[in-house]
Every structure is written in C-alpha cells, then in structure tokens.
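Each chain is listed here by its residues.
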Amino acid sequence: MKNECLFCGIVAREIPATVVYETDTTLAFRDINPHAPTHVLVVPKNHVRDAGELAEAGLADDVIKAAKAVAVAEGIAESGYRMVLNTGPDSGQSVFHAHLHLLGGAPLTLQMG
C-alpha cells in the first residue's frame, strides 16, 4: 500500500470492500458508514491526495464519469444524486486519497457542513 493509504489498500484488494464499478483508472465501492441509501465512494486507482491533485492528474473526468455510471446502475440517475469532493481536513476529508462521495436513493437535505 502506498504510505499505508486505506484507499490504496482497497484498490490493491488488500483491504476488503464491496466494489460496485471499476474502470482502468477508477474503482467505486460502498461507503462503510453510509449517509444515504446509496453512498458509494469513487476513487482514482492512482494515489492522488485530494480533488485539486485529481484535476492536475487529469483524472477528474474519469472519476465523474464513473460516478455517473454508478448512479445509472444504482437506479438513482433519474431522481437525482449528489457528488461531493472534500479537500483538506477542514472540509471533513479524513482519508487523504482523492475520493468522490456519490449519494442518492432518497431526498437529500441541503445542509452542508
């Protein structure tokens, strides 16, 4: 695992996760502490620290496309879903490997933070 990164361990299949989608550059798996009926994390397979680095690495498009594919597969694309990227500890990022939270499956509140 790169620097003992939790998500690198999941990508390497060293740490178990419920994988729901995979491409050459991304992996999507269910969050172990869901905040909505559908709560999936989409990560780049290459280790990048946060959303800013995700954009710099040219992987933001891949992650968003993967999230949309998961939304379609999960049946939440038509009713709506939320995509969240946290960057830095003050945003709530606790695993410092860029990841997109895909949330849906029920009406979501507008509360942020």
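Check the entry above for the structure.
First, a word on scope: everything that follows refers to the structure included in this document. (Residues numbered from 1 in each chain as written. Predicted model: local features only at pLDDT ≥ 70, side-chain atom pairs only at ≥ 80, totals over all residues. Heavy atoms only, no water.)

### Remarks on the environment of G105
Considering the arrangement of structural elements, one finds G105 in the segment after strand 5 (100–104). In this structure the C-alpha to C-alpha distance between G105 and A36, which are 69 residues apart in sequence, comes to 6.7 Å. In this view, G105 contacts P37 and I76; residues no more than four positions away in its chain are not counted. (Helix = DSSP H or I, 4+ residues; strand = E, 2+ residues; numbered from the N terminus. Contact = heavy atoms within 4.5 Å.)

### Description of the pattern of salt bridges
Counted under the stated rule, the structure contains four salt bridges. When the shortest N-O distance is used, the salt bridge between R13 and E22 registers 2.9 Å. By relative accessible area, which is 40% here, E22 ends up partly exposed. A salt bridge links K45 to E22; the shortest N-O distance between them is 2.7 Å. (Salt bridge = Lys/Arg side-chain N within 4 Å of Asp/Glu carboxyl O. Buried < 20%, exposed > 50% of the residue type's maximum accessible area, 1.4 Å probe, protein only.)

### Focus on the pairing of strand 3 (residues 38–44)
In terms of residue burial, strand 3 counts as a mostly covered element, since seven of its seven residues are buried. Residues T38, V40, V42 and P44 line one face of strand 3 and the alternating positions H39, L41 and V43 line the opposite face, and both faces are buried. Relative to strand 3, strand 2 (residues 26–30) runs antiparallel, the two being bridged by five bridges. What sits directly across from R30, in strand 3, is V40. As defined by bridge partners, strand 3 adjoins strand 5 across five bridges and the pair is classed as antiparallel. From the neighbouring strand, H39 faces strand 5, where its bridge partner is L103. (Pairing = 2+ DSSP bridges.)

### Notes on the nonpolar core
Of all hydrophobic cores here, the largest spans 15 residues; its most connected members are V40, V42, L54, L100 and L102. Elements with a minimum of two residues in this core: strand 3, helix 3 (60–74) and strand 5. Counting residues per element, this core draws most heavily on helix 3, at five residues. Among the nonpolar cores identified, the runner-up in size contains ten residues, and I10, V11, L41 and V95 belong to it. (Core = buried A, V, L, I, M, F, W, Y, C linked by side-chain atoms within 4.5 Å.)

### Some thoughts on the pairing of strand 2
Most of strand 2 is tucked away: four of the five residues are buried. Inspection of the sheet shows strand 1 (residues 19–22) paired to strand 2 by three bridges, in the antiparallel sense. Bridge pairing links Y21 to A28 in strand 2. Taking the residues that link successive antiparallel strands as the turn, the strand 1-strand 2 hairpin has three residues.

### What about the environment of K65?
If you trace the backbone, K65 turns up in helix 3. Its relative accessible area of 53% is what places K65 among the exposed residues. Residues K65 and V42 lie 23 residues apart in sequence; the distance between their C-alpha atoms is 9.9 Å.

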